[in-house]
Amino acid sequence: MCGIVAYIGPRDAYPLLMKGLHRLEYRGYDSAGVCLLNDDLRVFKCKGKVSDLEDFVAGSDVSGNIGMAHTRWATHGEPNTINAHPHLSQNKTLAIIHNGIIENYTVLRSELKNRGYTFTSDTDTEVLVHLIEDIMINEHVSVEEAVRVALNEVIGAYAIVILAKDFPDKIIAARKGSPMVIGVGKDEFFIASDATPIIEYTNNVVYLNDEEIAIIERDHEIQIRTILNQKQTPYIEKLAMSLGEIEKGGFDHFMLKEIYEQPHSIYDSMRGRLHVDQGIVTLGGIRDWEQKILNAKRIIITACGTSWHAGLVGEYLIEDFARIPVEVEYSSEFRYRNPVLGEDDVVIAISQSGETADTLAAIELAKSKGATVLGICNVVGSSIARATHAGIYTHAGPEIGVASTKAFTAQVAVLTLLGLLLAQKKGTISQTEFQKILIELDRIPAKVQQILELSQKIKDIATIYKDVKNSLYLGRGYNFPVALEGALKLKEISYIHAEGYPAAEMKHGPIALIDELMPVVFIATRRGIYEKVITNIEEVKARKGRIIAIVTEGDETVKALADHWIEIPDTLEALIPLLATIPLQLLSYHIAVMLNRNVDQPRNLAKSVTVE
Ligand code: F6R
C-alpha cells in the first residue's frame, strides 16, 4: 500500500505534493514524509497523517520545484517517524520513497552491514537506497544504472522514486507489482500511485509496466528501460477521470458520498450493457471470450474482502441463471494451495482497485496453468485489468472511502449481467423469465434511491446500538453474502465486533452468544426461503436477542418479531443483494460517525492492499 507522489517542472513542488498526498492518504496513513531537492536533499517526515506532516513542516524552507512525498502503511517496522519515508542513503546523496515489500531485505541488509552501512530505520526500503549508493560508488555508474542493477538483486514488489543530490534535474522511478502512473504535462512531469494527484494538471499519462524504470529529466522526453536494459517506448494514454469525481461534493465523508452515488454507479455499470427494449445483455469487454466461458467446465471467482463477498453473490447468480458450476476462492488461499486448474477453467478476478497483491498473484497462477482469466475491475488501466485476458469494468467511478460501498454494488450489478448473458446464450433461462429480470434490473437504481431516503430512520436505530460490543448478521441464500458484507462494514469502520453467518448455521455455534445484549441483524426479505429465516428469527427471539430486520415493504410477519425494522422495496430474489446491502452500509456509517471514528480512513486499513 503506501502512496507516492513526485514532481519536476516549473511549479512550487511542496503544495502540489501535499495536495497529492492528501488524495493518496486512503492508501495508508501511519506516517508521512516529503523530500525537496534544491542544493541539497531536504527531508521532513513524521508519524501520523499528512496534516501532521504539514504542521511539522510549517515555517521551514520548502522551496524547490523538484520533490517527492510519501504516505505510509507500515509493513516492516513500526509506524513511527524513523521508519517514515523518504529514506536517505549513507552519504546522504540519494533519497528514496517506496511502496511495496523487499522480500529478501534481511539478506541484503546483512551484506550491506558487513560492507559498513549503518541502518537508521527498521524498514526494507532503507536497504534499497544503501544498495543503490553502494553500486554507484563501487561500479562508478550513473544513478539510473545503479537503480537498474540494484533492482536485479531485489525480490519483492516496489514502486520507487529516487532523487539524487548531484542530479537536481532528474527523477528516477521504477515499478514491479505496485502501481505507478506518470503524468506528462507541458514542461513538467508528475509521478503517483494513482492518477488522483495528477488529474488537475494533465490527463496525459503513462502507466509504467512491471520491471520498467523511468528516467525523467527536466526539458527531456521520458526515457523508459526495463531492468534488463531494454529500451521501451512510452505509451501516452488519456485519463477518463474528472476532478469532481474525486472530491467530497458537500458530503461529510467520502463514504457517505459514495453510498449516495449508488443509484448512479449501478446505472453506469449497466449502461450500454442492459438493453431492455431489445431483450439482450451485451458485455463488449468479453465478447471474444464468450464461447470460452460458455464451454467452461467451471468458473472460479477469486477476490479479497468485499470483492470476495460480491464473488459469492456472483456464484449464486451464475449457477442459478446459467447452470455453470462456480467456486469462490479467497485469492490469498487460492494462490498458495496448488489448486487443480486447467484450460477448461475460467477464472474471474474481482477487484475494485485492480491492485490487490493476492488477487494479482492468483491471476498469474491461473494463467500459468492455462486457465482463461477475466477481470471485473473498477480502476481503468490498473494492474489487474492489464494482467487479465479480458474483462468488464464496473464504472462505479473513483472510490476513495477505505470501506468499499459503491464498488460492491457495481460488482454485483456486473455479475448479474454476466449471469444473464451466459444464461441467454446457453438457453438455461426462458426469454420470458430473462425479460422479467431485465425489467426489474432496470428499476434497481430507483429503488436504491428510495432506500437512501431511509437514512434518518437508520440513524435512529444506530443511536440505540452504537455502544454494543458485539453483533451478528444473519441471512440465507442470496442474503448470506449480504450478511457477511454488512458485518464487515460495521467492524471495519466502527471497530465493533461483528460476525456474518448463514442464518441456519447459527444453531451450530453462534447461538451460544445470544443474550439480551446481542443485536442480531437479520436480512429477512420476503423471497427465497423466507419462512425458514422466520424460524431462525424466532430462535433468536426465544433467547432474548435484539432483532434488527431488513424486511420487504409491506411485510408484517417479520416486523411483528423484530425490535426494529427497515423496509426495502420488493424485487426478484436474485437482485435483493443490490438493495439489502444499502441499509447495512448506512447503519455502519451512522454508528461509526456517532463513535467518532475516522470513517474514511479506519485504523490499520488501506484502500489498496498491494502487499500480501
Ligand atoms: C472492505 C474493503 C476490502 C477490499 C479488499 C479487496 O470494505 O474495502 O475488504 O474489498 O481489500 O480490495 P480490491 O477490491 O481493491 O481488490
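It should be emphasised that the depicted structure is a prediction, and the values quoted were computed from it without experimental measurement.

Reading guide: rules and limits
- Residues numbered from 1 in each chain as written.
- Predicted model: local features only at pLDDT ≥ 70, side-chain atom pairs only at ≥ 80, totals over all residues.
- Heavy atoms only, no water.
- Helix = DSSP H or I, 4+ residues; strand = E, 2+ residues; numbered from the N terminus.
- Rg over C-alpha atoms; globule rule 2.2 N^0.38 Å.
- Buried < 20%, exposed > 50% of the residue type's maximum accessible area, 1.4 Å probe, protein only.
- Contact = heavy atoms within 4.5 Å.
- Pairing = 2+ DSSP bridges.
- Axes fitted to C-alpha atoms, helices over the stretch in contact; angles between N-to-C directions.
- Near = heavy atom within 4 Å.
- Polar contact = N/O pair within 3.5 Å; in protein donor to acceptor, adjacent residues only side chain to side chain.
- Nonpolar A, V, L, I, M, F, W, Y, C, P; charged D, E, K, R; others polar.
- Domains from an automatic or database assignment.
- Buried area = accessible area lost by both parts, 1.4 Å probe.
- Salt bridge = Lys/Arg side-chain N within 4 Å of Asp/Glu carboxyl O.
- Parallel < 35°, antiparallel > 145°, perpendicular 65-115°, else oblique.
- Left-handed = near helix turned anticlockwise from the far one by under 90°.
- Core = buried A, V, L, I, M, F, W, Y, C linked by side-chain atoms within 4.5 Å.
- Arc of directions from axis to C-beta.

Draft legend 1. View of the overall build of the protein. Assigned secondary structure in the protein consists of 19 helices and 27 strands. Its C-alpha atoms give the protein a radius of gyration of 25 Å, within 12% of the compact-globule value 25 Å for 612 residues. C-alpha atoms of the protein, sized along the principal axes, occupy 80 × 55 × 45 Å. Buried residues in the protein amount to 62% of all 612 residues. Of the contacts formed within the protein by residues at least 6 apart in sequence, a portion of 71% connects residues at least 24 apart.

Draft legend 2. Layout of the sheet that holds strand 18 (residues 298–303). Across the sheet, five strands lie side by side as 19-18-20-21-22; this open sheet has parallel pairing. Bordering the open sheet on either side are strand 19 (326–330) and strand 22 (390–393), each of which pairs with just one other strand. Ignoring strand direction, the axes of neighbouring strands in this sheet form an average angle of 20°. Where strand 18 and strand 19 come together, five bridges link them in parallel fashion. By the bridge assignment, isoleucine 299 is partnered in strand 19 with valine 326. Across the face of the sheet, helix 9 (residues 305–322) comes into contact with strand 18, strand 19 and strand 20 (345–351) while running at roughly 175° to strand 19. Of the strands in this sheet, strand 18, strand 20, strand 21 (372–377) and strand 22 touch helix 13 (residues 406–426), which is tilted by about 160° from strand 20.

Draft legend 3. Up close: the site of the ligand. Taken together, 15 residues sit near the ligand, with Ser307, Ser351, Ser353, Thr356 and Glu492 positioned nearest. In this structure, an oxygen atom belonging to the ligand sits 2.6 Å away from a side-chain N or O atom of glutamate 492. Elements supplying a minimum of two residues to the shell around the ligand: helix 9 and helix 16 (479–494). Residues that form the shell around the ligand fall into these classes: five nonpolar, eight polar and two charged. Summarising the domain contributions, the shell around the ligand has at least three residues from each of domain 2 (248–450) and domain 3 (454–599).

Draft legend 4. Seen up close, the domain arrangement of the protein. You can read the domains of the protein as domain 1 (3–244), domain 2 (248–450) and domain 3 (454–599). On a C-alpha basis, the centres of domain 2 and domain 3 stand 25 Å from each other. Listed per partner, the contact involves 34 residues of domain 2 and 29 residues of domain 3. Of the roughly 2,700 Å² buried between domain 2 and domain 3 on both sides combined, carbon and sulfur atoms contribute 73%. Remark: the boundary between domain 2 and domain 3 carries zero salt bridges. Counting every contact that joins domain 2 to domain 3 gives eleven residue pairs in polar contact (both at pLDDT 80 or more).

Draft legend 5. Region of the structure containing unusual backbone geometry. Between histidine 85 and the following residue, proline 86, the backbone shows a cis peptide bond with an omega angle of 0°. Unlike most non-glycine residues, glutamate 211 shows phi in positive territory, near 65°. Turning to its location among the elements, glutamate 211 is positioned in the loop between strand 11 (204–207) and strand 12 (212–217). Overall, the relative accessible area of 31% leaves glutamate 211 in the partly exposed class.

Draft legend 6. Seen up close, the packing of helix 13 against helix 14 (residues 431–452). One can describe the packing of helix 13 onto helix 14 by two numbers: an axis separation of 11 Å at closest approach and a directional angle of 160°. Classified by the interaxial angle, the pair formed by helix 13 and helix 14 is roughly antiparallel. You can see that helix 13 and helix 14 cross each other, and the crossing is left-handed. Contacts from Thr416, Leu417, Leu420 and Gln424 in helix 13 reach Gln431, Phe434, Ile437, Leu438 and Leu441 in helix 14. Grouping the amino acids of the contact of helix 13 with helix 14 by side-chain chemistry returns six nonpolar, three polar and no charged.

Draft legend 7. Focus on the nonpolar core. Ranked by size, the top nonpolar core spans 93 residues in total, and within it Ile286, Ile299, Ile348, Leu420, Leu422, Leu441 and Tyr473 carry the most contacts. Looking at which domains feed residues into this core, each of domain 2 (248–450) and domain 3 (454–599) gives three or more. The contacts of isoleucine 299, once residues within four sequence positions are left out, are Ile293, Ile318, Ile324, Pro325, Val326, Glu327, Val346, Ile348 and Leu422.

Draft legend 8. Quick peek at helix 15 (residues 455–465). Of the positions making up helix 15, those classed as buried are Ser455, Ile458, Ile461, Ala462 and Tyr465. Here the buried residues of helix 15 occupy an arc of 120° about the axis, which is enough to place them on one side.

Draft legend 9. Layout of the environment of leucine 341. Its place among the elements puts leucine 341 in the loop between helix 10 (331–334) and strand 20. Leucine 341 sits 42 residues away from serine 383 along the chain, and the two C-alpha atoms are 22 Å apart. Setting aside anything within four residues of it in sequence, one finds leucine 341 in contact with Arg298, Ile300, Phe334, Val347, Ala366, Lys369 and Ala371.

Draft legend 10. A look at the environment of serine 178. Topologically, serine 178 is positioned in the loop between strand 8 (170–176) and strand 9 (181–184). For the pair serine 178 and arginine 27, spaced 151 residues apart in the sequence, the C-alpha separation amounts to 12 Å. When neighbours within four sequence positions are excluded, serine 178 is seen to be in contact with Asn99, Gly100, Ala157, Tyr158, Ala159 and Thr610. A distance of 3.0 Å separates the side chain of serine 178 from the backbone oxygen of asparagine 99, its partner in a polar contact.

Draft legend 11. Structural context of the sheet that holds strand 6 (residues 94–102). Spatial ordering of the open sheet is given by 5-6-7-8-12-13-14, a layout of seven strands whose pairing is antiparallel. At either end of the open sheet lies a strand with only one pairing partner, and these are strand 5 (87–88) and strand 14 (231–232). Sheet topology note: the strand 6/strand 7 (residues 156–164) ladder contains nine bridges and is antiparallel. Paired with leucine 94 across the bridge in strand 7 is alanine 164.

Draft legend 12. Geometry of the pattern of salt bridges. Inspection of the entire model under this criterion finds 30 salt bridges. A salt bridge links aspartate 134 to arginine 115; its shortest N-O distance comes to 2.8 Å. Here the residue aspartate 134 occupies a position in helix 4 (residues 125–139), and arginine 115 occupies one in the loop between helix 3 (105–114) and helix 4, the gap between them amounting to 19 residues. The class of aspartate 134 is buried, set by a relative accessible area of 8%. Owing to a relative accessible area of 43%, arginine 115 belongs among the partly exposed residues under this scheme. With a shortest N-O distance of 3.2 Å, arginine 298 and glutamate 327 are connected by a salt bridge. Pair noted here: arginine 298 is in strand 18 and glutamate 327 is in strand 19, with a separation of 29 residues, a long-range link. Its relative accessible area of 33% is what places glutamate 327 among the partly exposed residues. One connected set of salt bridges, linked through shared partners, spans Lys19, Arg23, Glu200 and Glu247.

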